[in-house]
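Per-entry structural report
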Amino acid sequence: MKKYVADDSIFELLFVYRLLFEGAHTIEDIQDEFLHESQTISAEKILSCIKALKKYGVKVEAFKLDTTVSYRVSRQGYSEIKFSKEELRILSDVKKLLVARKNYDSIQSAIKFLYKVAFFVKDTDKRQDVTDFGYFSTLNWFMITKLKEHCKNKDIIVLDYITPEGKGRYITFHADNLELNPKSNRLYLNGVYKEKSEYLLASLPVDRIFMIKKVIKKQTPFDIRMKVITYKISKKMYESIKLEKEERVLQVQKKFVTIQRIVENEFKTVQKLLTYCPQLYYVSDDKIRNILIEKLEILKENYEKTQYN
């Protein structure tokens, strides 16, 4: 395969190649397959990919069935993809872009896709380069698919979890969602678990989950006996702090970060939020917000007194 022009186009080219190698597809069929991957492609771009494949020596046949034109790669002779060093570099860059988007679904789709592409790569070393996705290649994606379903249903499950000390531990966990940590690009399972008499928000690294042991209860709404608040601070402030066990990130924006917190102790929560001032921009709970305003006004009055005395 010769050098292809646009960095992101190499995925489109290989995707079309795989589809046509597997069997006959119309333009509409190919567009539908791209939609399954949450991507769109124009008919003109598909025809451009087919033209490029022919240029690179791939035998693409076109034939009519009724009034519809279908395309397929000829099975005569061995079909192989040969990557240049430049193309492997492009693939590496595209993988980094996918990780930067913080969407683990896209990463999972890309891994599945590249494993299928690797089937057509004869060179063993280059096949390894094609399928290598670093940290994400070490994850159990079959289990992640199961975790995703449990999060969707809000199931309570038992996890066989490996602690940082390397010891096995069973954790009963109410699954909420999966997300990539905005700082480490590590995939976490978010939810709630009970520690003695406390309900705690928790984010478990997926790579430490050995297996899903069993399902305790399916489709269970979260128990709102826990008081949960959200607050928003500057991104600059967020990058300088370490989240506590009661907290987890909900959203990272260009200038702000939204954090969720379980209020186990109101005084402790207020004290914590005061440390973020003046870079604290929003608090969802009226009572805590009013306490903060009151304390800030007292601090302001005390400061003014010391200035005038």
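Here's a quick rundown of the structure. Only a predicted model underlies this, so the values are computations on that prediction, with no experimental measurement involved.

Brief notes about the overall build of the chain
Counting its regular elements, the chain contains ten helices and twelve strands. Out of the 309 residues in the chain, the part that is buried amounts to 41%. Relative to all contacts within the chain whose residues are 6 or more apart in sequence, the contacts with residues 24 or more apart total 59%. Carbon and sulfur atoms provide 51% of the accessible area of the chain, an area that totals close to 18,500 Å².

Things to note about a nonpolar patch on the surface
A surface patch of nonpolar side chains, amounting to about 250 Å² of accessible area, comprises I162, F210 and M211. According to the relative accessible area criterion, F210 is exposed, its value standing at 52%.

Points about the nonpolar core
Ranked by internal contacts, the top residues of the largest apolar core, which has 65 residues, are F83, I107, F133, F136, L147, L159 and L189. Ranked by the residues each element gives to this core, the list is headed by helix α1 (residues 9-22), at nine residues. Discounting residues that sit within four places of it in the chain, L159 has contacts with L147, R169, Y170, I171, F173, L189, L204, I209, M211, I212 and K213. Counting residues in hydrophobic clusters, the runner-up holds 18 residues, among them Y238, I241, V263 and V283.

A short note on the packing of aromatic side chains
The tally for this structure, following the rule as stated, stands at six aromatic pairs. An aromatic cluster is built from F133, Y135 and F136, whose rings are joined through pairwise contacts. The ring of F256 is capped by K232, whose NZ or CZ atom sits 5.8 Å from the centre of that ring.

A closer look at a negative patch on the surface
On the surface, D123, D125, D129 and D132 cluster together to form a negatively charged patch. Mapped onto the secondary structure, D132 falls in the loop between α6 (124-131) and α7 (141-153).

Focus: the packing of helix α5 (residues 104-118) against α7
Between α5 and α7, the shortest axis-to-axis distance is 12 Å and the interhelical angle comes to 145 degrees. At the point where α5 passes α7, the crossing takes the left-handed sense. Residues Y104, D105, I107, Q108 and I111 of α5 touch α7, and the partners they reach there are W141, I144, T145 and K148.

What about unusual backbone geometry?
Cis geometry is adopted by the peptide bond preceding P278, which originates at C277 and carries an omega value of 10 degrees. Relative to the helices and strands, P278 resides in the loop between α9 (266-274) and β12 (280-283). With a phi angle near 60 degrees, K154 is a residue other than glycine that sits in the positive phi range. For K154, the location among the structural elements is in the loop between α7 and β4 (156-162). On the basis of relative accessibility, which here comes to 25%, the residue K154 falls in the partly exposed class. The backbone of Q219 shows a phi angle near 45 degrees, a positive value even though the residue is not glycine. With respect to the helices and strands, the residue Q219 is situated in the loop between β8 (209-217) and β9 (228-234). Since its relative accessible area comes to 61%, Q219 is described here as exposed.

So, the packing of helix α4 (residues 85-100) against α5
For the pair α4 and α5, interaxial distance at closest approach is 9 Å and the crossing angle is 155 degrees. With respect to α5, the element α4 is oriented roughly antiparallel. Crossing hand, α4 versus α5: left-handed. Contacts between α4 and α5 pair L91, K95, L98 and V99 from the former with S106, I107, A110 and L114 from the latter. Its residues assigned to classes, the contact of α4 with α5 comprises six nonpolar, one polar and one charged.

Things to note about the pairing of strand β11 (residues 256-262)
Within β11, six of the seven residues are buried, which leaves it mostly tucked inside the rest of the structure. Looking at chain direction, β9 and β11 are connected through seven bridges and run antiparallel. Within the sheet, the bridge partner assigned to T230 lies in β11 and is Q260. With five bridges connecting them, strand β10 (residues 247-252) and β11 associate as antiparallel partners. For R248, the partnering residue across the bridge sits in β11 and is Q260.

Quick word on the side chain of T258
Mapped onto the elements of the fold, T258 is located in strand β11. For T258, a relative accessible area of 11% puts it in the buried group.

A word on the sheet that holds strand β1 (residues 25-26)
Ordered in space as β1-β3-β2, the three strands form an open sheet in which the pairing is antiparallel. A single partner strand is all that each edge strand has here, and the edge strands are β1 and β2 (60-65).

About the cut-offs
- Residues numbered from 1 in each chain as written.
- Predicted model: local features only at pLDDT ≥ 70, side-chain atom pairs only at ≥ 80, totals over all residues.
- Heavy atoms only, no water.
- Helix = DSSP H or I, 4+ residues; strand = E, 2+ residues; numbered from the N terminus.
- Buried < 20%, exposed > 50% of the residue type's maximum accessible area, 1.4 Å probe, protein only.
- Contact = heavy atoms within 4.5 Å.
- Areas by Shrake-Rupley, 256 points an atom, 1.4 Å probe, with all protein chains shown as cover.
- Patch = residues over 30% accessible without salt bridge, like charges linked within 9 Å, V, L, I, M, F, W, Y side chains within 5 Å.
- Salt bridge = Lys/Arg side-chain N within 4 Å of Asp/Glu carboxyl O.
- Core = buried A, V, L, I, M, F, W, Y, C linked by side-chain atoms within 4.5 Å.
- Phe/Tyr/Trp six-rings, centres within 6.5 Å; stacked < 30°, edge-to-face > 60°.
- Lys NZ or Arg CZ within 6 Å of the ring centre and 35° of its normal.
- Lys, Arg positive; Asp, Glu negative; His and termini not counted.
- Charge placed at Lys NZ, Arg CZ, Asp CG, Glu CD.
- Axes fitted to C-alpha atoms, helices over the stretch in contact; angles between N-to-C directions.
- Left-handed = near helix turned anticlockwise from the far one by under 90°.
- Parallel < 35°, antiparallel > 145°, perpendicular 65-115°, else oblique.
- Nonpolar A, V, L, I, M, F, W, Y, C, P; charged D, E, K, R; others polar.
- Pairing = 2+ DSSP bridges.

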